[in-house]
Amino acid sequence: MPNTTAELVDLLDLEEIEVGLFRGAQPDTHMQRTFGGQVLAQALVAAQRTVADDRRCHSLNAYFLRPGDPLRPIIYDVESLREGRSFSTRRIVARQGGKVSFAMNASFHVSEAGLEHSDLPPTGVPAPKTCRPLSEVMAERFGELSPLWKTWEALDVRFAGDSGPDGSIAAQVHSSHTRVWVRTAQAMPDDPALHQAVLAYLSDMTLLSAITIPHERTFKRDDVVAASMDHAMWFHRPVRVDEWLLYDMVSPAASEGLGFATGRLLQDGTLVASCSQEGLIRVPD
């Protein structure tokens, strides 16, 4: 996984093979499959490169169809579904070894004036600099962590509470609720599309784990088998991912080997993006 923010930026600099066809590199990693957030972000970069500069993604819907092989590059094929006066729609298919591993639809929109409001931010959230690194909290709770928890050094992630053992969030409304502060570890270039792609990358970072909070399980091989099945995201406002974001995550339901989670990303008290995800959550015999 990227060890620095610069390495993360390089990971999202795709090679254009021909019009609408891109190759995404893989980072050095000891993980057995490609991190889903990486595929989301690279697919979004590929699509963005096929639309006009004045259009930014406002929504995406993606399916993870096969585990990504971290030892092989990923080919992204972008198809134009619509080119309107203010909207552009793209379908992105990712392939490895001739097989489709990922598919995503993304819609882009020109910036225009309109109604403005934002959901209120949660109260009582501790400031990011008073919060402990998430990796510290997870290691304390569960001991040995999965490789994924150890390989997000390009990001600064701080634990801000949950409705589980920490008990800092009341469980009366949501039985499975967690919050983290997150930003890139170093400053980012001033490219709005790149900041949006990194936001997609980090949105997949802790969302699935929100499902396991009431059950006090973690993603160790002998504890739970987990995999993202799909991911949807809506971008409400411009964002800087090198400044603190509050990621407020809830899991409304889990049953029959599947779990569902939703997340709100807020910056300076304003909602900048929303996301949802369903994942496989299977407890081994």
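Caption draft 1: Broad picture of empty space enclosed by the protein. Under the counting rule described, the total for this entry stands at one cavity of 30 Å³ or more. By volume, the largest cavity amounts to about 30 Å³. Lining of the largest cavity is provided by Met-1, Gln-26, Pro-27, Thr-29, Met-31, Arg-33, Thr-34, Phe-35, Gln-38 and Pro-70.

Caption draft 2: Quick look at the pairing of strand S6 (residues 99–110). As defined by bridge partners, strand S3 (residues 55–64) adjoins S6 across nine bridges and the pair is classed as antiparallel. When the bridges of S6 are listed, Arg-55 appears paired with Val-110. Pairing of strand S5 (residues 87–96) with S6 involves ten bridges; the strand directions are antiparallel. Bridge pairing in S6 places Ile-92 opposite Met-104.

Caption draft 3: Representation of the nonpolar core within the structure. Within the largest apolar cluster, 70 residues are counted, with the highest numbers of intra-cluster contacts made by Leu-60, Tyr-76, Phe-102, Met-104, Leu-199, Leu-202 and Met-233. Apart from residues no more than four positions distant in its own chain, Leu-60 is found in contact with Leu-40, Leu-44, Met-104, Asn-105, Ala-106, His-231, Ala-232, Met-233 and Phe-235. Formed by seven residues, the second largest nonpolar core is a distinct cluster that contains Cys-131, Leu-246, Leu-266 and Leu-271.

Caption draft 4: Quick look at the pattern of salt bridges. In this structure the tally under the stated criterion is 15 salt bridges. For Glu-116, the salt bridge goes to Arg-237, with nearest N and O atoms at 3.3 Å. Of the two residues, Glu-116 is situated in the loop between S6 and helix H3 (134–142) and Arg-237 in the loop between strand S9 (225–235) and strand S10 (245–255); the sequence distance between them amounts to 121 residues. By relative accessible area, Glu-116 is classed as exposed at 65%. A cluster of three or more residues bridged by salt bridges with shared partners is formed by Asp-54, Arg-55, Glu-83 and Arg-90.

Caption draft 5: Main features of helix H2 (residues 36–48). Across its 13 residues, H2 extends 18 Å between first and last C-alpha, which sits within 8% of the 18 Å expected from 1.5 Å per residue. A large share of H2 lies buried, amounting to 13 of its 13 residues.

Rules used throughout
- The written sequence of each chain sets the order in which its residues are numbered from 1.
- pLDDT decides what is reported in this predicted model: residues at 70 or higher carry local features, side-chain atom pairs at 80 or more are listed and counted, and totals for whole chains, interfaces and linings draw on all residues regardless.
- Based on all heavy atoms of the structure, the side-chain values leave hydrogens and waters out of the count.
- Buried and open spaces are told apart on a 1 Å grid over the protein atoms alone, a cavity being a set of points where a 1.4 Å probe fits but cannot get out and a pocket being an open set with protein on both sides within 12 Å along at least five of seven lines. Residues with an atom within 4 Å of a point are the lining residues.
- Grid points are joined across faces, edges and corners, and a volume is the space filled by probe spheres set on the points.
- A strand pair is defined by DSSP finding two or more bridges across the two strands.
- Secondary structure elements are taken from DSSP: a helix is a run of H or I of four residues or more, a strand is a run of E of two residues or more, and numbering for both begins at the N terminus.
- The term nonpolar core refers to a set of buried residues drawn from Ala, Val, Leu, Ile, Met, Phe, Trp, Tyr and Cys, joined through side-chain atoms within 4.5 Å.
- Here the term buried applies to any residue with accessible area under 20% of the maximum for its type, exposed to any over 50%, and partly exposed to those in between, with areas from a 1.4 Å probe on protein chains only.
- A contact between two residues is defined here by any heavy atoms of the two lying within 4.5 Å.
- By definition, a salt bridge exists where a carboxyl oxygen of Asp or Glu is found within 4 Å of a side-chain nitrogen of Lys or Arg.
- One less than the residue count of a helix, multiplied by 1.5 Å, gives the span that helix is expected to have.

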